[in-house]
Every structure is written in structure tokens, then in C-alpha cells.
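These are the residues of each chain, in order.
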Amino acid sequence: LLSADIEMLLNQQIKKEAHSSAMYLAMASWCNQNGFDYSSDYFFKQSGEEREHQLKLFKYVLDMGGRAISPDVNGIKQEYTTFREVFEDALDAEVAITQSFKNIAAACMKEQDFVTFEFLNWFMKEQREEEYKARRALELFEVIGEEGTGRWEIDKHVNKIKYDS
Ligand code: OFO
């Protein structure tokens, strides 16, 4: 069973994952509208992964006899000023998500909820990859540069970022 506190934290995380999924979908749309097709595909994929994270947490709460809450999602940013801003937001969002998982893990430790703590390990590892990919994507702006056909070149590379754990 889950304590009321851990259940609440997990439900908050479910909402955050739903928000991330919607955020990435908005990024996929913006990139597509602005001719960045590879990045659009990349963000579509990210959106799908966040949806999976949401469902994984959702199912866990139910498996543990808790009350999983289907979240309201609002306040999704639809407009970006620059291509680069999309990637800055993506990295900021992933760093915030990692912090959020750390907070839940700390609460689990305090309560000696080692079952949930163990469950969270999968997400910790996943965040390592997510942060890596977001950081690498943003670095392309420095490595390649935005001048001339730079943004077009950056777009082509975004989808090729590999992570070997
Ligand atoms: Fe990329 O955030 Fe989910 O876990």
C-alpha cells in the first residue's frame, strides 16, 4: 500500500508526465510548421515516451491499491520565438522532471517505502538518457552554428542523437 503522501506525489508526477507529453506535442507541431521535420519527428517520439511514463506511474498507483487520477493538462506553450528556444525549454523541462523524481525518492526514503523507491529506479535511469539527449541537441547549436544553412543542418542531426548507457 501507498501512504497518502506518496500517492499524492505520484499523482502529481502523473500530471507532470502528461504535461511533458503535451509540451513535446506542441514542440512537434511548431517544428513541423517551421520546416524542421526531423526535430518534429524527434518531439513526436518524445511525446509518446512521456505518455508511456505517465501510464507506467498510473498503473503503479493502481497496482498498489491507490487512486490514480487522470490529470487535467493546461497551459501548454504553443508558440516559440526561435528554433533554439524549443530545445532550451526541452532541457529545462527534463532537468525539472529529474528534480521532481529526486524529491519523490527522498520522500520514499524518509518513509522507508522501499517498494516505490525501487520502482522509481527505472525513471532515474531514464532521466539520465533524457537529459543527455536534450543537452546534446542543444549543443548542436554551438557545434554547427545557426548561420546560413546551420539550422537546417542542426535539424538533420537532432534525430540521430544516440545514447549508450
Ligand atoms: Fe522525460 O520525463 Fe518522463 O519521466
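Since the model is a prediction, treat every value here as computed from it, not as a measurement.

Caption draft 1: Inspection of the overall build of the chain at higher detail. From N to C terminus, the chain includes 5 helices and 0 strands. Along its sequence from the N terminus, the chain presents helices and strands in the succession α-α-α-α-α. When its C-alpha atoms are laid out on the principal axes, the chain stretches across 55 × 30 × 20 Å. Here the chain holds 165 residues, and 32% of them are scored as buried. If you take every contact in the chain between residues at least 6 apart in sequence, the share linking residues at least 24 apart comes to 75%.

Caption draft 2: Fine view of the UniProt feature "binding site: Fe cation" (unreviewed entry) in the chain. Listed under "binding site: Fe cation" (unreviewed entry) in the UniProt record, and renumbered for this structure, are Glu17, Glu50, His53, Glu94 and Gln127. Maximum C-alpha separation among the annotated residues is 12.9 Å over a sequence range of 111 residues, consistent with a single clustered spot. The topology assignment puts His53 in helix 2 (residues 37–63). Tracing the backbone shows Glu94 in helix 3 (residues 83–111). Once you skip the residues sitting within four places of it in the chain, Glu94 turns out to touch Gln127, Glu130, Glu131 and Ala134.

Caption draft 3: Summary view of the nonpolar core. In this structure, Met27, Cys31, Phe43, Val86 and Ala90 are the most contacted members of the largest nonpolar core, which totals 20 residues. Sorting the residues of this core by element identifies helix 1 (4–33), helix 2, helix 3, helix 4 (114–143) and helix 5 (150–158) as the ones contributing at least two each. Excluding anything up to four places from it in sequence, Val86 contacts Met27, Trp30, Cys31 and Tyr80. The next biggest cluster of nonpolar side chains, apart from the first, holds 13 residues, and it includes Leu10, Ile14, Ala18 and Leu57.

What counts, and at which threshold
Residues numbered from 1 in each chain as written. Predicted model: local features only at pLDDT ≥ 70, side-chain atom pairs only at ≥ 80, totals over all residues. Helix = DSSP H or I, 4+ residues; strand = E, 2+ residues; numbered from the N terminus. Buried ≥ 20, exposed ≤ 12 C-beta atoms within 10 Å, placed from the backbone. Contact = placed C-beta atoms within 7 Å. UniProt positions renumbered as here; feature names shortened; annotations may be inferred. Core = buried A, V, L, I, M, F, W, Y, C linked by C-beta atoms within 7 Å.

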